[in-house]
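Results of the structural survey
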Amino acid sequence: MPRAMTASDKDLWGRTLSMLLLGFICYALPWSVFAAQPETVLRIQGSNTIGAKLGPALVKGMLEEEGMRAVHQTPGDRENEVHILAHDANGKEIRVELAAHGSSTGFTALKDGSADLAASSRPIKDVETLDLSSFGDLRGHQAEQVIAIDGLAIILHPDNPLRALTTAQLAAVFAGEVKTWEELGGKGGAIRIYARDDQSGTYDTFKELVLARQGKTLAGTAQRFESNDKLSTAVSGDPQGIGFVGLASINQARALAIADGDSQAMPPSAELIATEDYPLSRRLFFYIKPSEQNRWAKALVHFAQSPRGQAIVDQTGFVAQQVQAIKVQVQQDMPESYRELATNAQRLSVNFRFQEGNANLDNKALRDVQRVLDYLKQADKLQQKVVLVGFGDPKADPQRAELLSKLRAMAVRRELAKGGVTLKEVTGLGDELPVAANTAEEGRIRNRRVEVWVY
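In short, a report on the structure.

Criteria and cut-off values
- Residues numbered from 1 in each chain as written.
- Predicted model: local features only at pLDDT ≥ 70, side-chain atom pairs only at ≥ 80, totals over all residues.
- Heavy atoms only, no water.
- Buried < 20%, exposed > 50% of the residue type's maximum accessible area, 1.4 Å probe, protein only.
- Helix = DSSP H or I, 4+ residues; strand = E, 2+ residues; numbered from the N terminus.
- Arc of directions from axis to C-beta.
- Contact = heavy atoms within 4.5 Å.
- Core = buried A, V, L, I, M, F, W, Y, C linked by side-chain atoms within 4.5 Å.
- Pairing = 2+ DSSP bridges.
- Axes fitted to C-alpha atoms, helices over the stretch in contact; angles between N-to-C directions.
- 1 Å grid on protein atoms, 1.4 Å probe; cavity = no way out; pocket = protein on both sides within 12 Å on 5 of 7 lines; lining within 4 Å.
- Points joined across faces, edges and corners; volume = space filled by probe spheres on them.
- Nonpolar A, V, L, I, M, F, W, Y, C, P; charged D, E, K, R; others polar.
- Salt bridge = Lys/Arg side-chain N within 4 Å of Asp/Glu carboxyl O.
- Phe/Tyr/Trp six-rings, centres within 6.5 Å; stacked < 30°, edge-to-face > 60°.
- Lys, Arg positive; Asp, Glu negative; His and termini not counted.

1. A closer look at helix α10 (residues 307-315)
For α10, the complete set of buried residues consists of G309, Q310, I312 and V313. Viewed end-on, α10 has its buried residues packed into an arc of 150°, placing them on one side of the element. Exposed and facing more than 90 degrees away from the buried side of α10 are P307, D314 and Q315. Those residues of α10 that are buried lie in contact with α2 (48-65), β6 (144-156) and α9 (295-305). One or two residues past the end of α10 sits G317, with phi positive at roughly 100°.

This is the structure we're talking about:
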């Protein structure tokens, strides 16, 4: 007769069944279920212009500089979201999460704590600054970080013969008031409008620089896109299409030259965007809470401003803030003293601009002082090689406009003098050579600038 099972036998049998069951579960389920999940160390939300290419590239560069290994990118949970993964020296895996659903979403995420950095392709709005005021001044020097310069490109199908438009014409087209290409001197019949969605900083910039200045709103017939690249693809496939995208997303489409007010029509070239003379140039930002303690957020902000970070800006199709000397073509409508500069000197690829309503340099200009000093030291141009030229908007008294423009140049001189620069000349040309229309405050602010020339 078979022997009855003892308590010891039952215990052994139970352990055997448990091991078999565990083995089956381990075989049936993917190993990823049991693997340690990566630690999320940084969360970035906001602009699709930044999040599509530039943001991931800067994160990868920062992680590599921090000594991380096996840095790679994977899709996130939704469209326009990505994860950047890496391993530290001990093999621990970390993750940076980027969500690119529009600039406004970044500020919302900063407020509710779901992001450590906001990426924005426009300056923070007054209402957003107020909404985040409990965290400190988001417009302050440490919080507002200009990481790149971009140009809003107005794009057409490659075969469209049109070459230039004014901002007033653009507003009429995108408002649906100009309906055919023939009305613009071109050909092709009905115009089809492509635009970014309402969450987009690109759309906010276009609305502010083009539509609002002319008192217009976007036509309801416009096709809307969350992604710059998808909009560009649609326009490049539509002979009747017109749209607007960030500089890095022109791709197979063709960009128009744009004039604003009395300015000349300018293409979205790197040089004109670097100086922010191109009428639809704009700044790209990271916003960080002044009290932010996340070391990865602070490391990314620092890396983005570094020479290596700015090299990545250039590589991803945007315009870096590194200073270069540019030869300017002489034009007959230039003032005589300016023609002399264009003939014998070179202009640096930076304009100093000022805070709204006062003579203090803005946040970008404060960092540009050090960039210009670094260039002048490397080029051995600290002594009597630099000319500053101030510009402004029209005043009732032209002499007052000229004086104010010179005072702006003198404000820059004071900052450069702290770095050991002795200037050759400081001058002001008043409201000459405008780069934007003076009919709106934004245009007047753009015209209040200081150029740097070197011999």
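Right, picking up where we left off after that structure.
2. Thoughts on the nonpolar core
The biggest cluster of nonpolar side chains holds 55 residues, and the ones touching the most others in it are I154, L170, F174, I242 and L280. With residues near it in sequence (within four places) discarded, L170 still touches I154, L165, V210, I242, I258 and L280. Counting 36 residues, the second largest nonpolar core, distinct from the first, contains V41, L58, L98 and L300.

3. Considerations on the sheet that holds strand β18 (residues 449-454)
Reading across the sheet, the five strands line up as β14-β15-β18-β16-β17 and stay open at both edges, with mixed pairing between neighbours. Two strands in the sheet have a free side with no partner beyond their single neighbour: β14 (325-326) and β17 (425-428). Where strand β16 (residues 386-391) lies against β18, six bridges are found, and the strand directions are antiparallel. The residue bridging V389 from the neighbouring strand is E451, located in β18. Against the sheet, helix α12 (residues 363-378) contacts β14, β15 (346-353), β16 and β18, and its axis sits at roughly 155° relative to β15. Of the strands in this sheet, β15, β16, β17 and β18 are in contact with helix α13 (residues 398-417), which crosses β17 at around 150°.

4. Structural notes on empty space enclosed by the protein
Following the criterion strictly, the structure yields three cavities of 30 Å³ or more and no others. One number sums up the size of the largest cavity: a volume of about 60 Å³. N48, T49, A52, K53, N228, D229, G246, A248, S249 and F318 together form the lining of the largest cavity. Elements supplying a minimum of two residues to the lining of the largest cavity: α2 and α7 (228-236). In terms of residue count, the dominant contributor to the lining of the largest cavity is α2 (four residues). Tallied by class, the residues present in the lining of the largest cavity amount to three nonpolar, five polar and two charged.

5. A closer look at the pattern of salt bridges
Using the criterion set out here, one finds 34 salt bridges in the structure. For D229, the salt bridge goes to K53, with nearest N and O atoms at 3.8 Å. Taken as a pair, D229 in helix α7 and K53 in helix α2 lie far apart in primary sequence, 176 residues in all. Taking relative accessible area as the criterion, D229 reaches 23% and is therefore assigned partly exposed. For D362, the salt bridge is made with R283, and the minimal N-O distance between the two is 3.0 Å. With D362 in the loop between β15 and α12 and R283 in strand β13 (residues 281-287), the pair connects residues that are 79 residues apart, well separated along the chain. For D362, a relative accessible area of 11% gives the class buried. Look at R283 and you get buried, because its relative accessible area is 15%. A single salt-bridge network, built from bridges that share partners, covers E276, D277, R283, R347, R353, D362, R449 and E451.

6. Points about the packing of aromatic side chains
Evaluated as defined, the whole model comprises eight aromatic pairs. Between F174 and F206, the ring centres sit 4.7 Å apart and the planes meet at 65°, which makes this aromatic pair edge-to-face. Highlighted residues: F174 in helix α5 (residues 167-174) and F206 in helix α6 (residues 201-211), separated in sequence by 32 residues. The two residues F174 and F206 agree in class, both being buried. Considering the side-chain rings of F206 and F244, the 4.1 Å spacing of their centres and the 5° angle between planes classify their relative orientation as stacked. Of this pair, F206 sits in helix α6 while F244 sits in strand β10 (residues 241-246), and the two are 38 residues apart along the sequence.

7. What to know about the side chain of R254
Here R254 is to be found in strand β11 (residues 254-255). Although buried, R254 forms no salt bridge, and the nearest oppositely charged side chain, D159, lies 7.6 Å from it.

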